Structure formats: C-alpha cells, structure tokens
Amino acid sequence: MKNTVLLGALTVAGLAAGAAGAATLDDVKARGSLNCGVSTGLTGFSAPDANGVWQGFDVAVCRAVAAAVLGDPMAVNFVPTTGQTRFTALASGEIDILARNTTWTFSRDVDLKFEFTGVNYYDGQGFMVPKALGVSSAKELDGATVCIQTGTTTELNLADFFRVNNISYEPVPIETNAEAQQQYLASACDVYTTDASGLAATRASFEAPSDHIILPEIISKEPLGPLVRHGDSEWGDVVRWSFNALVAAEEYGVTSANIEELASSAGDNPEINRLLGTEGELGAMLGLDADFAKKAIMANGNYGEIFEKTIGEKTPIGLSRGLNAQWTEGGLMYSPPFR
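A brief look at the structure comes next. (Residues numbered from 1 in each chain as written. Predicted model: local features only at pLDDT ≥ 70, side-chain atom pairs only at ≥ 80, totals over all residues. Heavy atoms only, no water.)

### What about the side chain of R229?
Link 1 in the chain: Looking at the secondary structure, you find R229 in strand β14 (residues 227-229).
Link 2 in the chain: We note that R229 is buried and unpaired, the nearest opposite charge coming from D96 at a distance of 4.7 Å.
Link 3 in the chain: A distance of 2.6 Å separates a polar atom in the side chain of R229 from the backbone oxygen of L90. (Helix = DSSP H or I, 4+ residues; strand = E, 2+ residues; numbered from the N terminus. Buried < 20%, exposed > 50% of the residue type's maximum accessible area, 1.4 Å probe, protein only. Lys, Arg positive; Asp, Glu negative; His and termini not counted. Salt bridge = Lys/Arg side-chain N within 4 Å of Asp/Glu carboxyl O. Polar contact = N/O pair within 3.5 Å; in protein donor to acceptor, adjacent residues only side chain to side chain.)

Spelled out as structure tokens, the structure:
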C-alpha cells in the first residue's frame, strides 16, 4: 500500500513537472476556452442544469477566470473529475484549473506540486445519518458502516476521529457523490461522511431531506479552493486575482447591479477604481485587459451574490455564511489590496 501511494504521488509530481513549463495563459488565449475540472455533480457547487449548462458555487470561479482572460464567462469546458482522477487531470494538463471542493493541504501543495490560489469556502468534515438511526452525536457511531469517498482527506480524518474516540467503524468505499447518495439511501451504509457543505448539498437533493440529520461534530479543517500546477506563477496569479476580485467587490459594495455605473468613470474610492480598471495598470501586470476584474465580477456577481444564489440560506442547501462571511462581518473572507 505504501509503495502504491508513493508511486501515485511520484506519477502526479512527474506529470506536473512536465506540464509546468507551459505558459497556461497563452494556451488558454490561443484555445479560446478554459478547461476547468469540477466534481461529477454536487448540487449547488458544480452540476449541469436541465439544459446541460454547468452551474454552481465552484463553477462560478471558472466562469470568473474565463471572463477575466477571454471576456466570455461561457468559454469554459467543464471536465468532471473524481477524488481519484482530479489530480492527474490537472498535473497532465488536461485541465487548466481544478475548482472541485478540494482541500488545501501540505502534501497537495508541496509533494504533488500544486498551487492553491485561495480559499473559496472554509469547511469541515461532518456526518449525516438517517433520523431513524436515533443518534445525536458522532461519538455514538461505534460499529457503524460509513460511506466515504476514496482519494480524499476524509478517509484519514475519519480514521483519526474513530481512533481518538476509541470506537470502531466499517468503511464502505465509494468514488463519487452520486454513488455515495445511492449507497446511503439504499442503507448500504449507516453514515455518509464528507465536507459539511457537501452533506448539506446532498441532503437537499433527497426526496425527504428532513428524514436525515447532519450531526453536530465538525472533525477537521477543510479549506476548499481552486488550484493550478506549480511552475507557472503567472497563471496562478491570474486565477488568484480573478477570485480575489469577487471577494473585494463584496467588501467594497460593488455588485452586478451597480458595477457598470461605478466603472463608467473614476469615483472617489481609489480601491474601487483600481479594482475596476479605471485607475492604475493592474491588468497589464497580469497580461490582461485593464478591466479584467470588472469582467470577472460581471460573470456571476461578487462573492456574496454567488454564495447566496447557489448555496445560501434561501436555497434548498441552506448554508449560512459562517466563516465565509467577510472579515468585516466576523468571517475569514479577505482579499489582499488591489494596489
């Protein structure tokens, strides 16, 4: 098992090293489209709608980058990936960016040679069980069967939690969220564990969501965010600052409703002027147009707008902002200055 894991890591690292020399920004411009890795389908985060158009919280990151680089938020080829295939797809160059509820960890950053460009959702691992199971705490799950996606941080977190609490479990390995949902609803496992946001998204798709509860324990830190390959810092900067634009826009009150008015002429706030490209040369520093950030924001709105319409409290998923509120509202969302 150790040799298999080592060889897998070396393979991904080798692929990343081979692809790192490419100028991704030039490739995307020449291709005329962005190749974006997403999940195989997670309601609210990344899933095709009835017309086959990909929608969701993570999808919005890719559309913002495409708008910033190509001027067209729809110029994205979405590539579904699993926990097992996502890193190879990125390392090999099949995708330009991975925006698939992926946790930023030391080994993924350093050993697998990837570069996380920010955190778009601060999360933690949780547990979902049928209400009929009659438990109210994860510490009551001794001997439970647990559906868990392979190739994810949740596998190690799960083992650690049960070991620390001196209780046992039987893992039921699954590869995709759709498979987990099917197995869980078929009672092939007592519990489904993944990021708490993923549990909320999955439960929202059930015919009877109220028959299932998410237990109160959050057993890990899961900073989720988009990532690119090491070795192409220019492309990493493009993705990072396209996302930062969404966060900064919310802080400064720039919305999809007022952005055109604010960008029509330089106002009194120099930070907004620089953000929207009416002052300074920030776009040129990235090899993009002066209004790259404006285009990114116009793709789906600012960070808060995206959150509320995809996974917020008024959606079936019903997530509160929590740690994902702006830093001015007690959360962790914070963009470095546009200057």
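Back to the text.
### A short note on the packing of helix α3 (residues 57-70) against helix α9 (residues 233-251)
Link 1 in the chain: Running from N to C, α3 and α9 point in directions that differ by 110°, and their axes come no closer than 9 Å. Between α3 and α9, the angle is such that the two are roughly perpendicular. Taken as a pair, α3 and α9 cross one another with a handedness that is right-handed. Two secondary-structure elements touch here, α3 through V61, A64, V65, A68 and V69 and α9 through W235, V238, V239, S242, F243 and L246.
Link 2 in the chain: By residue class, the composition of the contact of α3 with α9 is 10 nonpolar, 1 polar and no charged. (Axes fitted to C-alpha atoms, helices over the stretch in contact; angles between N-to-C directions. Parallel < 35°, antiparallel > 145°, perpendicular 65-115°, else oblique. Left-handed = near helix turned anticlockwise from the far one by under 90°. Contact = heavy atoms within 4.5 Å. Nonpolar A, V, L, I, M, F, W, Y, C, P; charged D, E, K, R; others polar.)

### Focus on the environment of T85
Link 1 in the chain: Tracing the sequence through the fold places T85 in the loop between β4 (76-80) and α4 (86-91).
Link 2 in the chain: For T85, a relative accessible area of 37% corresponds to the partly exposed category.
Link 3 in the chain: Between the C-alpha atoms of T85 and E175, which are 90 residues apart in sequence, the distance is 9.9 Å.
Link 4 in the chain: Side-chain polar atoms of T85 contact the backbone nitrogen of T82, separated by 2.9 Å.

### Overview of the packing of α9 against helix α14 (residues 303-310)
Between two packed helices, both the angle of their axes relative to each other and the distance between the axes serve to describe the pair.
Link 1 in the chain: As a packed pair, α9 and α14 sit with axes 6 Å apart at the nearest point and diverge in direction by 95°. In terms of axis orientation, α9 runs roughly perpendicular to α14. Each of F243, L246, V247 and E250 in α9 lies in contact with α14, whose residues at this interface are Y303, G304 and I306.

### Re the packing of aromatic side chains
Link 1 in the chain: In total, this model carries 17 aromatic pairs according to the counting rule given.
Link 2 in the chain: Plain terms: the ring middles of F45 and F57 are 5.8 Å apart, the flat faces sit at 75° to each other, and that makes the pair edge-to-face. Here F45 is found in the loop between β1 (34-38) and β2 (47-48), whereas its partner F57 is found in helix α3, with 12 residues between them in sequence.
Link 3 in the chain: The buried category is assigned to F57, whose relative accessible area is 2%.
Link 4 in the chain: Ring centres 6.0 Å apart and planes at 15° place the aromatic pair Y184 and F206 in the stacked group. With Y184 in helix α7 (residues 177-185) and F206 in the loop between α8 (196-204) and β12 (212-214), the pair connects residues that are 22 residues apart, well separated along the chain. (Phe/Tyr/Trp six-rings, centres within 6.5 Å; stacked < 30°, edge-to-face > 60°.)

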